Amino acid sequence: MADVPKYRAYSQLEEFLHNFYSLLQTTRIHRDNHKLVIEGVAKFSKSISGCMLDESMAIKASNDRLFIEDEKLPYNQTTKNLIDNLVRYFDDRGLEGLRFFKSIKVAASQDILALMHLLNGAGKRPDPLGWIINGLEMKNLYWLEIIKKPEKPQGDDESTGKDKPARRERARRDYTYVMASFKEVAEKVSGKGRAGMRKTVRVVQDMVTHLIEDDEVYSAISTLRVFDDYTFTHSVNVSLLSMCIGRRINLSRRSLERLGICALFHDLGKIEVPYEVLNKPGKLDDSEFKLLEEHSLNSARLIVKLKASRDRKAKILLPPFEHHLKYDLSGYPYTNWRKSLSLFGRIITIADVYDAITSPRVYRKSAMSPDRALGLMLEGAGLDFDPILIKVFINMLGVYPVGTLLKLDTGKLALVVSASQRENEKMPIACLMEEGIDGRFYNGETVDLAERDSTTGKYKIEIIETFHPTTFGIEPVQHIFAND
Ligand SMILES: [Fe+2]
Ligand SMILES: [Fe+2]
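Here the structure is a predicted model, which means the values were calculated and not measured.

Asks: How should the sheet that holds strand S5 (residues 144-148) be read in this particular structure?
Replies: Backbone-to-backbone hydrogen bonds pair the strands of a sheet. The strands run either parallel or antiparallel. A sheet is described by the order of its strands in space; here five strands give the open sequence S3-S2-S1-S4-S5, paired in antiparallel fashion. Where the open sheet ends on each side, the last strands, each with one partner, are strand S3 (71-72) and S5. Sheet topology note: the strand S1 (residues 56-62)/strand S2 (residues 65-68) ladder contains four bridges and is antiparallel. The residue bridging serine 62 from the neighbouring strand is arginine 65, located in S2.

The structure is reproduced here in structure tokens:
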């Protein structure tokens, strides 16, 4: 008797995997009743029913490749992004793979959605596998089984993700290296020398490797500010925040590297703007503003002059040119030849504005508190910023981003040091700021602001007001990093 094929053609499997991954992404962004989600569930169900001809079907990731049972899915131009994304998605959750059983063909839409939320939510959990297993049981999703990764030997290695202080230290080191390499490029360019990009590319690549393992620590380290070095810290922060956004929308490693470099060089043109104009307290006059406006075009022009292959430079030119253009194409430089901005341009604009308005400047002592900055930016969704990306950004940083200073109803000040570990919880974890006799602030107790009173259901501690930490002379990174 001829062998009965267990599955359909690769194209059908690809279609299913594509629908599966798209649904994971769509459910991250939209509500369950959104048209795209409803369509996504229908496509997912149809394609899995079409390609599963046996009792069960396992998708597994191994050595950066995807397997259906033991058959490797071809890795080519068409499938490479999908495979990279799914492999990373599984990897982030400690999953080797998933086994779907035949009864998924009759699963209700809300159960399919429950699975998507469970898998997406697991990415933020300290024990993603435990979270998924528990969720499958609670929600009675009997048509799915997870395939665990073979256990790795444990150690205090930074890459195991167990050693938080080590990961923070590594992030701080990466920050310093990226900053130093960017400074070197900027100094050479301003000294009319010809700067290369090789070192910068290498340090950004390292950072991407670490950021893929843990992006939270990198968005926290972007609260680092050095007063005198605004352009440099700003460039590194924009690069970090852009890569963190890129990570959230599951860009490939290659794309993250390119995004990181584009963002790092976005203000390179500022080295040609006189210091007095850049740091002028008060409004710029027309001619000064014209000088400042030229910096985005100049960033692109200076990138062309860097010592690197044409291909590499061509790939990073556009986003720095675009970074002061808004989503509705207003802003500068004036352009009437574009219909829309590039994805990287839209990402960098968000990171750029956020870092700029939350940064204390020589001429502006009180910067905006991070939560207020996000609120303001949300008002510009669809006009100034890509409406979906701005939501991704806000979701990423949380309602009270790390580094926000809070005034609590207890009269104490507290610094947000981490997002809540509870699902769908906006109230963060904060560290009380205790004032010493020297007038400086020291870390006190860490409080979980999501804790509620069991009788009233209200939060035990309320937030009265928010500030930028520099309003009280607090340098957030020192406190956040001292808190392990
Ligand atoms: Fe700029
Ligand atoms: Fe900028």
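From this point, things continue past the structure.
Asks: What's the story with the environment of serine 103 in this structure? I'm lost.
Replies: Its location among the elements puts serine 103 in the loop between strand S4 (95-101) and helix H4 (109-122). A C-alpha to C-alpha distance of 8.4 Å links serine 103 and tyrosine 142, two positions 39 residues apart in sequence. Setting aside its immediate chain neighbours within four residues, serine 103 contacts Tyr142 and Trp143.

Asks: Just checking my understanding: could you explain the sheet that holds strand S8 (residues 429-435) for this structure?
Replies: The sheet built from five strands is open, its strands ordered S9-S8-S7-S6-S10 with antiparallel pairing. Here the strands that pair on one side only, and so sit at the sheet edges, are strand S9 (441-448) and strand S10 (463-467). When strand polarity is set aside, the average angle formed by the axes of neighbouring strands in this sheet is 35°. Two elements, strand S6 (residues 405-408) and S10, share four bridges in a ladder whose sense is antiparallel. Note on S10: the bridge partner recorded for lysine 407 is glutamate 465.

Asks: Can you help me understand the pairing of strand S7 (residues 413-418) in this one?
Replies: Burial analysis of S7 places six of its six residues in the buried class, which makes it a mostly covered element. In this sheet, S7 lies alongside S6 in antiparallel orientation, the contact comprising three bridges. The partner of leucine 405 across the bridge, within S7, is leucine 415. Between the antiparallel neighbours S6 and S7 lie four residues, among them glycine 411 with a positive phi of about 90°.

Asks: Looking at this model, I keep getting lost on the coordination of the iron ion (ligand 1). Mind explaining?
Replies: Here the iron ion (ligand 1) is held by Asp267 (OD), His295 (NE2), His323 (NE2) and His324 (NE2), and the distances to it run 2.2 Å. One can describe the site at the iron ion (ligand 1) as irregular: its four donor atoms subtend angles covering 83 to 168° at the metal. Between consecutive donors of the iron ion (ligand 1), the numbers of intervening residues give the motif D-x27-H-x27-H-H. The two metals, the iron ion (ligand 1) and the iron ion (ligand 2), are separated by 3.4 Å and share aspartate 267 as a common coordinating residue. Taken together, the positions of aspartate 267 in the loop between helix H10 (253-264) and helix H11 (275-278) and histidine 324 in the loop between helix H14 (310-322) and helix H15 (343-357) put the pair 57 residues apart, joining distant regions of the chain. A residue is classified by how much of its surface remains accessible, and histidine 324, at 22% relative accessible area, is partly exposed.

Asks: Even after reading the chapter, I still don't get the nonpolar core, so can you show me in this structure?
Replies: For soluble globular proteins, nonpolar side chains are generally found buried alongside one another. Of all hydrophobic cores here, the largest spans 74 residues; its most connected members are Phe265 and Phe393. Composition of this core by domain shows at least three residues from each of domain 2 (161-395) and domain 3 (405-481). Phenylalanine 393 has contacts with Leu241, Ile245, Ile350, Tyr354, Leu374 and Met377, leaving out every residue within four places of it along the chain. Judged by nonpolar contacts, the second largest core, of 45 residues, contains Phe16, Ile48, Met52 and Leu66.

Asks: What is the right way to look at the confidence of the model for the protein chain in this model?
Replies: When pLDDT is low, close inspection of the predicted coordinates is not appropriate. In this model, the protein chain carries a mean pLDDT of 86, and residues with pLDDT of at least 70 account for 93%. Averaged over each element, pLDDT in the protein chain is lowest for helix H18 (residues 476-481) (77) and highest for H15 (95). In this model, residues 1-5 is a region of pLDDT below 50 whose contacts with residues beyond four sequence positions or in other chains number one contact. With pLDDT under 50 throughout, residues 153-161 is counted as low confidence; its partners more than four residues away or in other chains account for twelve contacts.

Asks: Looking at this model, I keep getting lost on the coordination of the iron ion (ligand 2). Mind explaining?
Replies: As a benchmark, a tetrahedral metal site with four donors has ideal angles of 109.5 degrees, while an octahedral site with six donors has ideal angles of 90 or 180 degrees. The iron ion (ligand 2) binds to the protein through His234 (NE2), His266 (NE2), Asp267 (OD) and Asp352 (OD), with metal-donor distances spanning 2.1 to 2.3 Å. Of note is the iron ion (ligand 2), whose four donor atoms meet at the metal with angles of 77 to 172° in an arrangement that counts as irregular. In the primary structure, the donors to the iron ion (ligand 2) are separated according to the pattern H-x31-H-D-x84-D.

Asks: Is there a simple way to explain the domain arrangement of the protein chain in this structure?
Replies: Interface size is often expressed as the accessible area that is lost when the parts come together. Taken domain by domain, the protein chain comprises domain 1 (10-148), domain 2 (161-395) and domain 3 (405-481). In this structure, domain 1 and domain 3 have C-alpha centres spaced 38 Å apart.

Asks: When you look at the packing of H15 against helix H17 (residues 387-397) in this model, what are you seeing that I'm missing?
Replies: In helix packing, the relevant descriptors are the interaxial angle and the interaxial distance, both defined with respect to the helix axes. With their axes 10 Å apart at the nearest point, H15 and H17 run at an angle of 45° to one another. In this view, H15 runs oblique relative to H17, as classed from their interaxial angle. Here the hand of the crossing between H15 and H17 comes out right-handed. Two secondary-structure elements touch here, H15 through Leu343, Arg346, Ile347, Ile350 and Tyr354 and H17 through Leu389, Ile390, Phe393 and Leu397. Residue composition of the contact of H15 with H17, grouped by class: eight nonpolar, no polar and one charged.

Asks: Looking at this model, I keep getting lost on the pattern of salt bridges. Mind explaining?
Replies: Side chains that differ in sign of charge can pair as their charged atoms come close. What the rule picks out here adds up to 14 salt bridges. Across the pair lysine 290 and glutamate 294 runs a salt bridge, and its minimum N-O distance is 3.8 Å. The partly exposed category is assigned to glutamate 294, whose relative accessible area is 34%. Notably, a salt bridge pairs aspartate 311 with lysine 315, separated by 3.4 Å at the nearest N-O pair.

Asks: Can you walk me through H15 in this structure?
Replies: Every α-helical turn comprises 3.6 residues, leaving residues that sit three or four positions apart pointing alike. Between its terminal C-alpha atoms H15 stretches 22 Å, which fits the 21 Å expected from 15 residues at 1.5 Å a residue. The buried count for H15 comes to eleven of 15 residues, which makes it a mostly enclosed element. Restricting attention to buried positions, one finds in H15 the residues Phe344, Gly345, Ile347, Ile348, Thr349, Ile350, Ala351, Asp352, Tyr354, Asp355 and Ile357. In this structure, the buried side of H15 is in contact with helix H9 (230-248), H10, H14, helix H16 (370-379) and H17.

The rules behind each value
Residues numbered from 1 in each chain as written. Chains lettered and ligands numbered in written order. Predicted model: local features only at pLDDT ≥ 70, side-chain atom pairs only at ≥ 80, totals over all residues. Heavy atoms only, no water. Pairing = 2+ DSSP bridges. Helix = DSSP H or I, 4+ residues; strand = E, 2+ residues; numbered from the N terminus. Contact = heavy atoms within 4.5 Å. Axes fitted to C-alpha atoms, helices over the stretch in contact; angles between N-to-C directions. Buried < 20%, exposed > 50% of the residue type's maximum accessible area, 1.4 Å probe, protein only. Donors = N, O, S within 2.8 Å, 3.2 Å for Na, K, Ca; no water. Tetrahedral: all angles 85-135°; square planar, octahedral: opposite > 155°, others 65-115°. Core = buried A, V, L, I, M, F, W, Y, C linked by side-chain atoms within 4.5 Å. Domains from an automatic or database assignment. pLDDT = per-residue confidence, 0-100. Parallel < 35°, antiparallel > 145°, perpendicular 65-115°, else oblique. Left-handed = near helix turned anticlockwise from the far one by under 90°. Nonpolar A, V, L, I, M, F, W, Y, C, P; charged D, E, K, R; others polar. Salt bridge = Lys/Arg side-chain N within 4 Å of Asp/Glu carboxyl O. Expected span 1.5 Å × (residues − 1).

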